Amino acid sequence: MDLAKLNDRGLVLVGAGKMGGALLDGWLARGLDPASAHVIDPKPDPRWAARGVNVNADPPADPAVLVLAVKPQMMGDVLPTLAAWGQGRTLVVSVAAGTRIKTLESSFPAAPIVRAMPNTPAAIGQGITAVAGNARADAAAMDLAAALMGAVGQVVQLDDEAQIDAVTGLSGSGPAYVFHLIEALAEAGVAVGLPADTAMTLARATVAGAGALALSGDETPAKLREAVTSPAGTTAAGLAVLMDPDAGLRPLIARTVAAATDRARELAQ
Ligand SMILES: NC(=O)c1ccc[n+]([C@@H]2O[C@H](COP(=O)([O-])OP(=O)(O)OC[C@H]3O[C@@H](n4cnc5c(N)ncnc54)[C@H](O)[C@@H]3O)[C@@H](O)[C@H]2O)c1
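Everything quoted here is computed from the prediction, not taken from an experiment.

Rules behind the numbers
- Residues numbered from 1 in each chain as written.
- Predicted model: local features only at pLDDT ≥ 70, side-chain atom pairs only at ≥ 80, totals over all residues.
- Heavy atoms only, no water.
- Core = buried A, V, L, I, M, F, W, Y, C linked by side-chain atoms within 4.5 Å.
- Buried < 20%, exposed > 50% of the residue type's maximum accessible area, 1.4 Å probe, protein only.
- Helix = DSSP H or I, 4+ residues; strand = E, 2+ residues; numbered from the N terminus.
- Salt bridge = Lys/Arg side-chain N within 4 Å of Asp/Glu carboxyl O.

Q: So what's going on with the nonpolar core? Which residues, and what values?
A: Counting residues in each nonpolar core, the largest one holds 35 residues, and the members touching the most others are L24, W27, V65 and L148. At the level of secondary structure, the elements contributing two or more residues to this core comprise β1 (11–14), α1 (18–29), β2 (37–40), β4 (65–68), β5 (91–94), β6 (113–117) and α5 (139–150). Broken down by element, the residue count for this core peaks at six residues, all from α1.

Q: For the pattern of salt bridges, give the residues involved together with the corresponding values.
A: By the definition in use, this model includes ten salt bridges. A salt bridge links D45 to R47; the shortest N-O distance between them is 2.9 Å. E226 is paired through a salt bridge with K223; the nearest N and O atoms lie 3.9 Å apart. Residue E226 and its partner K223 are both found in helix α9 (residues 221–228); the two are separated by three residues, about one turn of the helix. Residue classification places K223 among the partly exposed residues on the basis of a relative accessible area of 47%.

Q: Now, about the environment of A135: what can you tell me, with residues and values included?
A: Within the secondary structure, A135 sits in the loop between β7 (127–133) and α5. Residue classification places A135 among the exposed positions, given a relative accessible area of 82%. Expressed as a C-alpha distance, the spacing of A135 and A111, which sit 24 residues apart in the sequence, is 9.5 Å.

Now the structure itself:
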C-alpha cells in the first residue's frame, strides 16, 4: 500500500519500543509522513522527534489507525486511556503477545480490531506478520491492516485468533533464535581456530546469505541443504551431529518454539 494514504487522518502508535519502533522505522521508510505519525510513549526515543514525528503531543481525534505496541503486562493500564479512539472510525491494531481480541473489545467495543504478530525485521521491510480480526473487522479493515503490515514485509492471514500464540513462538520470537544461531556459529568458529571478528563476519553472512537464498526461489530448504552436502564430505559430517534425532536441532527447536508458545498462552488476558 501507499502509506501516503494514511497521511490524511494519521496513525497513532502507543509504545514505540523495540517492536513499535521497528514498525515505525519501516512505515516512515515507505511513505508515512512523519507529521502524520503520532507516538505516545512515556520514554520516547529522541530519534522520533528528530525525524519530525509527533511525540506525546496533540494526537488526532480520529486517526485512520491506532497501533498498540506496549508490553502485554501494561495493557491493563494503557487501554482505559485510549477508549476515545474506539468509536468505530479508527482501526485498532495490537501487536502485543497474549492480549486477546476479547480484552481489546472491552475497551474498544465499536471498533474494528486486528491482532497482528510481526517481527523486528519489519524495520528493514523484511518482517512477516500474521493477522486475525474481530467480527467488526470487515474486508476494508482487514485490507488496511494487511496493507499496513505488508508495507514492512509479508503478511499471513489466520483463520483463528488462537493460532497467534503459535505464530508468536515461531516467527514473532524467531529472529532471536536466528541471532542466537549467529552467535553460536561464531563461537564455534573461534573454538576451531578462527579470530573472533572473522568468525562473526562469516557467521553473520552465512545466515543472511542462506536466508536470502531460501527466500529467492522455489527450492525447498531440504533441497538447498542437499545442494551443500557432498557425499561423505564436510557438511555430511556436521549434519550428522546437527540432525541427530535425539540430540540434534529438530527436538531442540521443537522445545524452543513450544516453550515460547506456552509463554504466549500464559500471558493471555
Ligand atoms: N520485540 C519483538 O520482537 C516483538 C515482536 C512481536 C510483538 N511484540 C510485542 O510488542 C509489544 C512491545 O514489545 P517490545 O519488545 O517493543 O517492548 P519495549 O519494552 O521495547 O517497548 C514497549 C514500549 O512501550 C512504552 N510504554 C510503557 N508504558 C507505556 C504507556 N503507558 N503508554 C505508552 N507507551 C508505554 C515503553 O516506554 C516502550 O518504549 C509487546 O506487546 C510484545 O508482545 C514484540
